[in-house]
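Overview (structure and organization)
The primary structure of each chain is shown beneath.
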Amino acid sequence: METMPREQLRAVQDERLRDVVRRCYENVPFYRDKMQKLGITPKDIRGVCDIELLPFTDKQDLRDNYPFGMFAVPNSEIVRIHASSGTTGKPTVAGYTSGDIDRWAELMARALYCANVGKNDVVQVAYGYGLFTGGLGAHYGAERVGASTIPISGGNTVRQLMLMEDFGSTTLMCTPSYALNIAEAVEKEGIDLKRLKLKSGIFGAEPWTEEMRKHIEEKLGIDALNVYGLSEVMGPGVSMECMAKNGMHIWEDHFLPEVIGEDGKSLPYGQQGDLTFTTLTKHGMPLIRYRTHDLCTLTDEPCACGRTHVRMGRIMGRSDDMLIIRGVNVFPSQIEHALMQVEGVSPQYHIVVDRQGNLDTVEVQVEMKPEMMSDTVKDMEALSAKLHASIAAHALVNAKVKLCQPGTLPRTDGKAKRVTDKRKL
Ligand code: DLL
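Summary of the structure given here. These numbers come from a predicted model, not from an experiment. (Residues numbered from 1 in each chain as written. Predicted model: local features only at pLDDT ≥ 70, side-chain atom pairs only at ≥ 80, totals over all residues. Heavy atoms only, no water.)

This part takes up the site of the ligand. In the vicinity of the ligand lie 21 residues, with Asn226, Val227, Ser231, Asp294 and Lys415 positioned nearest. A distance of 3.3 Å is found between a nitrogen atom of the ligand and a backbone nitrogen or oxygen belonging to Glu206. Contacts to the ligand include Asn226, whose side-chain N or O atom sits 2.8 Å from a nitrogen atom. Calculation on the ligand without its partners gives an accessible area of 600 Å², and the protein chains cover 94% of this total. (Near = heavy atom within 4 Å. Polar contact = N/O pair within 3.5 Å; in protein donor to acceptor, adjacent residues only side chain to side chain. Areas by Shrake-Rupley, 256 points an atom, 1.4 Å probe, with all protein chains shown as cover.)

Structure, rendered in structure tokens:
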């Protein structure tokens, strides 16, 4: 499936799309109403060529149908429920049939295989286990490839290191920000990398930059690969980077991706917009044209690994996480990129946005590397000035830079909270 010629893949998608549209129409009142309002029935959808006739689905639709209104099977068929913690109000819920769980394990296994993980590996799953899909999603995939799977979950970093060494973990799975914390702890505890068997990391669930990848790879002596997913669409494993490290292959036999522009039209490959998925094989909660609000581009350029499925670039950020500062649009990942251009700081940072009078203000707090600590006030001033200039150049923001002592900014064992927007408090 992963290396199938694209015309053949399209035929698989056509058939699966017809099937999912029929299932949604017959079993989900929300979709039947929407399609009736648009004056279409499943018969009008011949295949992917008709995708634009179908309605979009947004997070708000999931909230309006909370908790189980989007399910397409009786509750007796649902064997698992996950939910993603919304920042406000009720969470978004996802329900899975046993077939869905089986397909998820299979797709997550494909993801692990991209990183050459197999039955001789020991996989340390440090994503959180629970309503969050990271832990269980990674776990089932690791077991499916036959790896020895350690369900350690997130947190307790010193214990993570002990087990990593004692159990000979070869692959670490967690958020990139937690991987960074683990890397720091390795240094702090004075652990010689040679004592560890770690060779790869499968990191995702939050945006991270190429510079962050290099930093983690160096500190842990591993290949760090990007994995993407979201609970509404499945969980981790919707797409995954191969060892070519040039974008994440979307498992297109299960998810039909589109990138939507501001005018609501599908954009050609290469243009950035809102990543949108139609799930082709989910039965519990199938979704048609679900707007993720993750901004990225797609490419169908051939990949060195031989997989034919399209690749998505790094997520720049979610359109709802975009900061508007004095009219300029800024993503935290742009600030991260700007900081990482300057020697002497670590990728531990936090952005505080506020308003003074009518003017937005931004403070970027960033930790210095330990070796900077012995330097003089003059050196500190020079470092601040460099960071200020880099942020102005890469993110077009006039930010106040606050240099922090190593280890002083808050750490997380899951998704990092990069921004405090006091304008919203
Ligand atoms: O974060 C699922 C996941 C778990 C993915 C573990 C990868 C690894 P949610 O909590 O529903 O699900 O959050 C989904 O996280 O819409 C993106 O904004 C963001 N996200 C996920 N993976 C990446 C990534 C999980 N590799 C939301 N790069 C998505 C950037 C990511 N952002």
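Before going further, it helps to spend a moment on the environment of Tyr269. Relative to the helices and strands, Tyr269 is located in the loop between β10 (255-260) and β11 (273-279). The spacing of Tyr269 and Gln334 is 65 residues in sequence and 22 Å in space, taken between C-alpha atoms. Apart from residues lying up to four places away in sequence, Tyr269 is in contact with Arg6, Leu298, Thr299, Asp300 and Val310. (Helix = DSSP H or I, 4+ residues; strand = E, 2+ residues; numbered from the N terminus. Contact = heavy atoms within 4.5 Å.)

With that settled, the discussion passes to the packing of helix α4 (residues 98-114) against helix α5 (residues 133-144). Orientation of α4 relative to α5, taken along the N-to-C sense of each, is 75°, at an axis distance of 7 Å. By the angle between their axes, α4 is roughly perpendicular relative to α5. On α5, the residues that touch Ile101, Asp102, Trp104, Ala105, Glu106, Met108, Ala109 and Leu112 of α4 are Thr133, Gly137, Ala138, Tyr140, Gly141, Ala142 and Arg144. Each residue belonging to the contact of α4 with α5 can be placed in one class, and the counts come to nine nonpolar, three polar and three charged. (Axes fitted to C-alpha atoms, helices over the stretch in contact; angles between N-to-C directions. Parallel < 35°, antiparallel > 145°, perpendicular 65-115°, else oblique. Nonpolar A, V, L, I, M, F, W, Y, C, P; charged D, E, K, R; others polar.)

In short, shape yes, function no, at least from these values alone.
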